[in-house]
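Given next are the chains, with one letter for each unit.
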Amino acid sequence: MKTTFDQIAARQPQLFSAAEIRVEPAQLAAMAAIVDACETVLALPALRDAALAAAPAIARVPTAARGVFMGYDFHLTVDGPKLIEINTNAGGGLLNAYLLAARGHADAAAAFVAEIVAMFRAEWRLARGAAPLTRIAIVDEAPAGQFLAPEFELFRELFVAHGIAAAIADPADFVRAGDRLLLAGEPVDLIYNRLTDFYLETPVDRDIAAVFAAGGVVLTPHPAVHATHADKRHLMTLSDPQKLADLTVDRQIQAILQAGVPRTIAVDPGDAEALWAGRKRWFFKPPAGFGSRAAYRGDKLTRRVFDEILAGHYIAQEIAPPSEHEVIVNGQAQTMKADFRCYVYAGRIQCVAARLYQGQTTNFRTPGGGFAPVFAA
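What you see is a predicted model, and the numbers here were worked out from it, not measured in a lab.

Enquirer: I keep staring at the overall build of the protein chain and nothing clicks. Help me out?
Expert: Within the protein chain, the regular secondary structure consists of 13 helices and 18 strands. Against the compact-globule benchmark of 21 Å for 377 residues, the protein chain has a radius of gyration of 21 Å, which places it among compact chains. The principal-axis extents of the C-alpha atoms in the protein chain amount to approximately 60 × 55 × 40 Å. Counting over 377 residues, the protein chain shows a buried share of 53%. Sequence separation of 24 or more characterises 69% of the internal contacts of the protein chain that already satisfy a separation of 6 or more. About 16400 Å² of surface is accessible on the protein chain, with carbon and sulfur atoms providing 53% of the total. Charge centroids of the protein chain, computed over 36 positive and 40 negative side chains, lie 1 Å from each other.

Set out below in structure tokens:
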């Protein structure tokens, strides 16, 4: 009998590549060092306080939860790994756990799955101590229509298999009862938040925001961790030697970040002509963007789009070309680009997965592309 994962792989083969990617241990170690350096700097009280002060008020709601599935995304260059961005609620973690099992790496898969369950239990204990975790809701807007919707069902099955009632929900499915959220008449203890409304500002998310602010539900990841980690303007600090020195960051950590974070600057309309003239060296991104939406390589820009970027409070990051890998597709060799995603919890890498593609950005549309497991060479 086919498992849910088998059914997903059959229905959406573009999610998974047949390849396995081998990476030199030194590259993996360098990614871990960059993650650790970023976590150290982003936790500095001065930087954290400034980030929370600049964010919407809900980011300042006290919460002990750390935030599940941080995603540190890298390109591997001839000069070592380069951090492209940091994301909250990084998708694909559980898909990659099951992908490991499907490719015959049962022990690695079991270890990652165990870490995932332990991570959610840890989030609950941080917030609620010894109280029992009874019910989890996996929440996204119109979840059935989301690209990674199949992963939601895998999470639901996983939680249920570990004795936790679970359901997949749209924010509109909740009924607020005082300081609790009810789903199908039952109170929800913890929300696994897959929303990209990072500060819960749309009307449909307001009940979640209100109950979270009142302490009635544990939300993970939550607005604070987006403000302190995933706002792409942090890349400007992490790549600026003067800012790091002003924060009295340890020199060894400064060196790691200088080597591993491409220079990132604010797009200033006053610098429009210089930015346009040098656009081929930059990748332009909105500070709160995700999934490569509204992000542009400078060499692909039209003047019209550039004018929109100037008005949009964008950042510009020096382009770090992705590595290329030969993949066999239908018996023929194809060259694929690769992004490398480190799934991180509490500052530690749980799993590294590649996303193989052709074109400008990761797209999950390239035949033979998709997620691929990563191993030390």
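Enquirer: Is there a simple way to explain the pairing of strand 16 (residues 332–345) in this structure?
Expert: A regular strand places its side chains on the two faces of the sheet in alternate fashion. Pairing geometry for strand 2 (residues 70–77) and strand 16, over five bridges, is antiparallel. Residue pairing for strand 16: Met 70 is matched across the bridge by Val 344. Note that strand 15 (residues 323–329) and strand 16 share seven bridges and pair antiparallel. Across the sheet, the residue bridging to Glu 326 is Thr 335, located in strand 16. Bridging between strand 16 and strand 17 (residues 348–357) involves nine bridges; their strand directions are antiparallel. Looking at strand 17, one finds that Lys 337 is bridged to Tyr 357. The turn linking strand 16 back onto strand 17 is made up of two residues, and Ala 346 within it adopts a positive phi angle of 55°.

Enquirer: I keep staring at the sheet that holds strand 11 (residues 264–266) and nothing clicks. Help me out?
Expert: Working definition: the strands of a sheet are paired by backbone hydrogen bonds and lie parallel or antiparallel to each other. Spatially, four strands are ordered 11-14-12-13 in an open sheet, and the strand pairing comes out antiparallel. Of all the strands in the sheet, the pair left with one neighbour each is strand 11 and strand 13 (296–297). Where strand 12 (residues 282–285) meets strand 14 (residues 315–318), four bridges bridge the pair, whose relative direction is antiparallel. When the sheet's bridge partners are listed, Phe 283 is paired in strand 14 with Gln 317.

Enquirer: What is the right way to read unusual backbone geometry from this model?
Expert: Of all residues except glycine, most have a negative phi; of all peptide bonds, most are trans. Pro 221 follows Thr 220 through a cis peptide bond whose omega is -10°. By the element assignment, Pro 221 lies in the loop between strand 10 (218–220) and helix 8 (223–230). At Ala 184, a position not held by glycine, the phi torsion is positive, near 55°. Within the secondary structure, Ala 184 is located in the loop between strand 7 (180–183) and strand 8 (186–187). By relative accessible area, which is 76% here, Ala 184 ends up exposed. Backbone geometry places His 313, a non-glycine residue, at a positive phi of 60°. On the accessibility criterion, His 313 (65% relative accessible area) is exposed.

Enquirer: So what exactly am I meant to see when it comes to the state of the cysteines here?
Expert: Formally, a disulfide is one covalent bond, and it connects the sulfur atom of one cysteine to the sulfur atom of another. Enumeration according to the criterion identifies zero disulfides in this entry. Considering cysteine sulfurs only, Cys 342 is the nearest to Cys 38, which forms no disulfide, with 11 Å between them. Cys 342 provides the cysteine sulfur closest to Cys 351, a residue in no disulfide bond, and the two sulfurs are 8.9 Å apart.

Enquirer: What exactly am I supposed to notice about the nonpolar core here?
Expert: Soluble, globular proteins show a tendency: their nonpolar side chains are buried together. Residues Phe 69, Ile 116, Phe 120 and Phe 155 are the most contacted members of the largest nonpolar core, which totals 40 residues. Secondary structure elements with two or more residues in this core: helix 1 (4–11), helix 4 (93–102), helix 5 (106–128), strand 4 (135–139), helix 6 (149–161), strand 9 (190–193), strand 16 and strand 17. Among the elements that take part in this core, helix 5 stands out by supplying eight residues, more than any other. Sequence-distant contacts of Phe 120, that is, excluding residues within four places in its chain, are made with Val 68, Phe 69, Phe 155, Phe 159, Leu 190, Tyr 192 and Thr 220. Among the nonpolar cores identified, the runner-up in size contains 39 residues, and Met 31, Val 41, Ala 354 and Val 374 belong to it.

Enquirer: Would you mind going over the packing of aromatic side chains with me for this structure?
Expert: The geometry of an aromatic ring pair is captured by the separation of the ring centres together with the interplanar angle, meaning the angle of the planes. Taken as a whole and assessed by the stated rule, the structure comprises 16 aromatic pairs. With centroids separated by 6.2 Å and ring planes inclined at 70°, the aromatic side chains of Phe 120 and Phe 155 adopt a geometry described as edge-to-face. Highlighted residues: Phe 120 in helix 5 and Phe 155 in helix 6, separated in sequence by 35 residues. Considering the side-chain rings of Trp 276 and Phe 306, the 5.2 Å spacing of their centres and the 50° angle between planes classify their relative orientation as tilted. Here Phe 306 lies in helix 13 (residues 303–310) and Trp 276 lies in helix 12 (residues 272–277), a separation of 30 residues in the sequence. Accessibility assignment for this pair places Trp 276 and Phe 306 in one class, buried. Each residue in the set Phe 69, Phe 112, Phe 120, Phe 155, Phe 159, Tyr 192 and Tyr 343 is aromatic and connected to the rest through ring pairs, giving one cluster.

Enquirer: Help me understand helix 1 in this model?
Expert: Quick reminder: α-helices carry 3.6 residues per turn. Residues three or four places apart thus point the same way. When helix 1 is considered as a whole, its buried residues turn out to be Thr 4, Phe 5 and Ile 8. One side of helix 1 carries all its buried residues, which in axial view fall inside an arc of 100°. Looking at the buried residues of helix 1, the elements they touch are helix 4 and helix 6.

Cut-offs and rules
Residues numbered from 1 in each chain as written. Predicted model: local features only at pLDDT ≥ 70, side-chain atom pairs only at ≥ 80, totals over all residues. Heavy atoms only, no water. Helix = DSSP H or I, 4+ residues; strand = E, 2+ residues; numbered from the N terminus. Rg over C-alpha atoms; globule rule 2.2 N^0.38 Å. Buried < 20%, exposed > 50% of the residue type's maximum accessible area, 1.4 Å probe, protein only. Contact = heavy atoms within 4.5 Å. Areas by Shrake-Rupley, 256 points an atom, 1.4 Å probe, with all protein chains shown as cover. Lys, Arg positive; Asp, Glu negative; His and termini not counted. Charge placed at Lys NZ, Arg CZ, Asp CG, Glu CD. Pairing = 2+ DSSP bridges. Disulfide = S-S within 2.5 Å. Core = buried A, V, L, I, M, F, W, Y, C linked by side-chain atoms within 4.5 Å. Phe/Tyr/Trp six-rings, centres within 6.5 Å; stacked < 30°, edge-to-face > 60°. Arc of directions from axis to C-beta.

What is shown is where atoms sit, not what they do.
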